[in-house]
Each structure stands twice: as C-alpha cells, then as structure tokens.
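What follows is each chain in one-letter form.
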Amino acid sequence: MKFLVNNTPELKGSIMIPGNKSGTARALIFGAMGDGITTVTNPLHNIDTYSIIDCLRQFGIEFDLSDDNRWIVYGKGGKLEQPKNVLDVGNSGTGLYAMIALAAFFPGANVISGDYQICYRPAGPEIDGLNKMGAHILSTRNNGLAPLYVEGGLKGGSCTMPGHNSQWFNVGMFLCCALAENDSEITIEGAPYEKPYIDMSIGMLKEVGIEIENHDYKKYVIRGRQKVNPTDFVIPGDWGSSGYPTVATAITGSTATFHNLDPNTYAGERQNIEVLRNAGCTVDIIDDGIVVKGSDHLVGQEIDCIGTPDAVPIYAVLGLAAKEGKTVLNNIAASRLKETDRTHTIVTELTKMGGHFEEEDNRLVIYPSKLHGTFIDGHHDHRIVMAATIAALIAEGPSIIDNAEYVGVSYPEFFDHMKALGANIEKLDIVK
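Residues numbered from 1 in each chain as written. Predicted model: local features only at pLDDT ≥ 70, side-chain atom pairs only at ≥ 80, totals over all residues. Heavy atoms only, no water.

A.B. asks: Is there a simple way to think about the overall build of the chain in this case?
C.D. replies: For the chain, the count of helices and strands is 12 helices and 24 strands. Rg of the C-alpha trace for the chain: 21 Å, near the compact-globule value of 22 Å for 432 residues, within the 12% margin. Looking at the chain residue by residue over its 432 residues, the buried ones come to 59%. With the model as given, the accessible surface of the chain reaches about 16,000 Å², and the carbon-plus-sulfur share is 48%. Side-chain charges in the chain split into 35 positive and 53 negative, and the spacing between the mean points of these groups amounts to 2 Å. (Helix = DSSP H or I, 4+ residues; strand = E, 2+ residues; numbered from the N terminus. Rg over C-alpha atoms; globule rule 2.2 N^0.38 Å. Buried < 20%, exposed > 50% of the residue type's maximum accessible area, 1.4 Å probe, protein only. Areas by Shrake-Rupley, 256 points an atom, 1.4 Å probe, with all protein chains shown as cover. Lys, Arg positive; Asp, Glu negative; His and termini not counted. Charge placed at Lys NZ, Arg CZ, Asp CG, Glu CD.)

In structure tokens, the structure reads:
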C-alpha cells in the first residue's frame, strides 16, 4: 500500500489517541492466566494484538471481542490446553517473548515462529534463562532465533540475563516464574534498556495480585506458586503513537488537541511533553489529554532515549524541522534491535529527503534541514512509515510512502487521524 503526501502548511482540530499497544498486550496475557473473567477497556485494535489473541486461543483461552471498547478474557487459572498448531506471533515482539515463557510453563511441546522480522529478533538470552529454570528450548537454526521448539517444565530457580534484553523477557518470565513451583531470582548484567516497560509489567502484574521484587533493575526476586486474580484493566492512550501527530502539529506551527492521554502512566514517551516544550512549542495539559501549539522557530535540544528508543524516528523528524541548533539523541542503541535498525533506517530514508545527520552507535546528531519530496521505503516498519509521513508534510514537493499498511501494527487509524487534522494525504490505487 502506498500513500501520497503533500506539503501541508497547517493542521487543526482534535483526535482521540488509541489505547496503549504494550498495555493491551500485557492485559490480555495476564488475563489469560487469571482464574476467572478479566475485562480490558480501551484496547488497541492492532495487528499485534490479534496475533497475541490467536496464540492464546490456541492455549484454550476464550475471548469475547464483541464490544470494541471492552473486551472480556476468560482465564483458566493457568490450566492451558495443548495447541494444535504452530504458535505464530506474526510481527509481535511482545508476543514472541511472552509465548516462549508460556510454552516453557506449559507441560507439553510447542513450536513458536512469526514473520521474517520476528525470526531475526534475538531470543537467545531468554532461551538460556528458561532452560536453566527447567524448560527445554531449542532454536531450529541453532542461533538463538525463531523458529523455536519448546518443551515445558519450568520450575523456577535462578538465571542471569543481559540488561539490554530485560525489557523484552519480563512480560512472560515474570508471570510464569510467579506461577512456577519454586521461587525464582533473575540477575541482570549491564544497564537495562527501556525501564518504563519493565515498570509497566511489574505494575500491571501487581494489579492482578502478583508481586515482583525489583532490586534497582539489577535483580528480580519472584516468589513461586502465586495466583493471578481476574481484574478490570483500563488501557490508557498510547503516548508513543501520539508522538506522530503531536510532532506534526509542532513542525507545521499548528494548534491541535489530543484526547485520551494521561501524563501519569508508565509510558516513557510521556516525556514528549517536555521534548515539545524544549523545542519551542506550548503544551497545555487538559482533563483528558493535551493541546499542542507549534512554532515557526523550533530549536534543537539533547534528548535521552534510554527509555524511549521507539521515538527515535519521530524525534529525528522534529530535529530536522528546527530552525536553530542541532538535536542530539543519546542512548539510542535499543532502537537498533527492533523490526529494523530504526536509527539507521530513518537516517537512510530522511537523507533521501535532504536531511543531514551524524550517526554513531549510541548517538544521533540531527541538523536543521530543508526537505524535499521523494519516494520513501517503509521497510515494513510501522514507525518508519509514520515518521517519514510526518516529515513529508513539511517537504517541498510530493512524497510517496511505501509499506503504508504497516501502520496497522501499532496505530491503525494513523492516516485517517492525520487526514482529520487536515494533512494533505491520499491513498494511491496502484496495481502492480
């Protein structure tokens, strides 16, 4: 799918930011292991969510999705059924790492795989950790990557894992270690990435009655034989998704309102408020969201991305639109471990637009640049597609954005929302 994006001098209006992607995934997974009915209000209707639901259904979990705004999960208290097919997580990283742990907990054998990008997402540390706790997991290619063969038997125990993986494994491992027969202790070597996601897991597990002892992100102590209680999750709006239309508002010097955003959530991207203010925008907090007033004289800044690597592409766009001063993104290494190497990919695509960058392993410097329209390869990555679309709004001349359908991974309403704000965007009907 391709979209044509033309220069758009002004945006205005208001939109409702959809539910948080990571929160929706955790609510469904935790609810599935609960003993009774869990409700999920304001879930995100994205491709990854449905991939996780499909995998949980294979384990015998039932769902009522008839109400778009309030889903029901019928948990079985950890009594899972033998899947009848391969557990296909699609493009969901959270789904991959969670299903590895669930399959390790389940007393049977399973195969886990996903799309081509998932089959290059590193799983070796989680495999090693779970194997030390009683599971038997093999990579079919013997390289720590999916497809994986998993035999259950998780009993608990101790293991050591690298910090740069700790934001991935925590959803499934925390949950299943808490249900295991024995207590567990997970020691972390090196600095952890994306602490907000770890906080989200621990916080949402606490909502269902699971206690995780967090020793300064260096060690986690988990008591076994805990019980997941059913609960009523209310999913907040996704600050990560909000970054695209809010930055679009900023760089076009516009004013727009964004509903369903709570500055008191776990999401690291809630720092977008300060990022926009530091760039020269006005951001007012209202009862259910924010009002962003852009500027025609944005300025550069330094941004620490240790907790927000997914925001690197859109922060790069904000930096290019500055009229004064360079923008420096620090601690970006985790952005290179996603569906693509997001730092290098966004640099590649925005350089085609005229952007100027200095790229280092853990740092990106962005210089104010005059952009021009071009053909953008979305690289099958939703965040690259959305960030490049926003950049095209201030480019001279039209741009074509390829792989546009991948916005469905995290923000299915993205193009509709941008058009509702006045963006000059249209879908191209191209037959290959």
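A.B. asks: Please clarify how the sheet that holds strand E13 (residues 219-222) should be interpreted in this entry.
C.D. replies: Backbone-to-backbone hydrogen bonds pair the strands of a sheet. The strands run either parallel or antiparallel. One open sheet holds the four strands; their spatial order is E10-E11-E13-E12, and the pairing between them is mixed. Looking at strand neighbours, the two that pair on one side only are strand E10 (157-162) and strand E12 (212-215), the edges of this open sheet. Averaged over all adjacent pairs, the angle separating strand axes in this sheet is 15°, with direction ignored. (Pairing = 2+ DSSP bridges. Axes fitted to C-alpha atoms, helices over the stretch in contact; angles between N-to-C directions.)

A.B. asks: Explain the packing of helix H7 (residues 239-251) against helix H11 (residues 382-392) here, please?
C.D. replies: Helix-helix packing is described using two parameters, namely the angle between the two axes and the distance between the axes. Between H7 and H11, the shortest axis-to-axis distance is 9 Å and the interhelical angle comes to 10°. Relative to H11, H7 is oriented roughly parallel. Pair H7 / H11 crosses with right-handed handedness. Contacts from Gly240, Tyr244, Val247, Ala248 and Ile251 of H7 reach H11 at Arg383, Met386, Ala387 and Ile390. The class makeup of the residues in the contact of H7 with H11 is seven nonpolar, one polar and one charged. (Parallel < 35°, antiparallel > 145°, perpendicular 65-115°, else oblique. Left-handed = near helix turned anticlockwise from the far one by under 90°. Contact = heavy atoms within 4.5 Å. Nonpolar A, V, L, I, M, F, W, Y, C, P; charged D, E, K, R; others polar.)

A.B. asks: Which parts of the structure should I look at to understand the pairing of strand E8 (residues 136-139)?
C.D. replies: Residues in a regular strand point their side chains to alternate faces of the sheet. Burial along E8 is one-sided: the residues Ile137 and Ser139 are buried and none of His136 and Leu138 is. In this structure, E8 lies alongside strand E9 (residues 148-151), joined through four bridges in antiparallel fashion. What sits directly across from Leu138, in E9, is Tyr149.

A.B. asks: Just checking my understanding: could you explain the sheet that holds strand E5 (residues 70-74) for this structure?
C.D. replies: In space, the four strands of this open sheet follow the order E4-E5-E3-E14, with mixed pairing throughout. Lying at the two open borders of the sheet, with one neighbouring strand each, are strand E4 (62-64) and strand E14 (232-234). Averaged over all adjacent pairs, the angle separating strand axes in this sheet is 20°, with direction ignored. Pairing analysis gives three bridges linking strand E3 (residues 37-41) to E14, with the strands arranged parallel. Across the sheet, residue Thr39 finds its bridge partner in E14, namely Asp232.

A.B. asks: What is the right way to look at the environment of Ile198 in this model?
C.D. replies: Among the secondary structure elements, Ile198 is positioned in helix H6 (residues 195-207). Along the backbone, Ile198 and Gln167 are 31 residues apart, and their C-alpha atoms lie at a distance of 5.7 Å. Once residues within four sequence positions are removed from consideration, Ile198 is found in contact with Ser166, Gln167, Asn170, Phe174, Pro192, Tyr193, Tyr217 and Tyr220.

A.B. asks: Would you mind going over the pattern of salt bridges with me for this structure?
C.D. replies: Where charged atoms of side chains with opposite charge meet at close range, the side chains can pair. By the definition in use, this model includes 19 salt bridges. One connected set of salt bridges, linked through shared partners, spans Glu194, Asp310, Lys338, Glu339, Arg342, Asp381 and Arg383. (Salt bridge = Lys/Arg side-chain N within 4 Å of Asp/Glu carboxyl O.)

A.B. asks: Where do I start with the packing of helix H2 (residues 47-58) against helix H3 (residues 93-105) in this structure?
C.D. replies: Running from N to C, H2 and H3 point in directions that differ by 15°, and their axes come no closer than 10 Å. Taken together, the axes of H2 and H3 lie roughly parallel to each other. The chirality of how H2 crosses H3 is right-handed. Between H2, through Ile52, Cys55 and Leu56, and H3, the contact on the second element is made entirely by Gly95, Met99 and Leu102. Residue composition of the contact of H2 with H3, by class: five nonpolar, one polar and no charged.

A.B. asks: For this particular structure, what's the right way to read the packing of aromatic side chains?
C.D. replies: Both the distance between ring centres and the angle between the ring planes are used here to describe each pair of aromatic rings. Applying the stated criterion to the full structure yields nine aromatic pairs. Both rings, one in Phe169 and one in Phe174, keep their centres 6.2 Å apart while their planes meet at 90°; by these two values the pair is edge-to-face. With respect to class, Phe169 is no different from Phe174; both count as buried. One aromatic cluster is present, built from ring pairs that chain together Phe3, Tyr244, Tyr411, Phe414 and Phe415. Over the face of the ring belonging to Trp168 we find Arg121, whose NZ or CZ atom lies 5.5 Å from the ring centre. (Phe/Tyr/Trp six-rings, centres within 6.5 Å; stacked < 30°, edge-to-face > 60°. Lys NZ or Arg CZ within 6 Å of the ring centre and 35° of its normal.)

A.B. asks: Any chance you could explain the environment of Ile53 here in plain terms?
C.D. replies: Structurally, the position occupied by Ile53 is in helix H2. Beyond its immediate stretch of four places on either side in the chain, Ile53 contacts Leu28, Phe63, Leu65 and Trp71.

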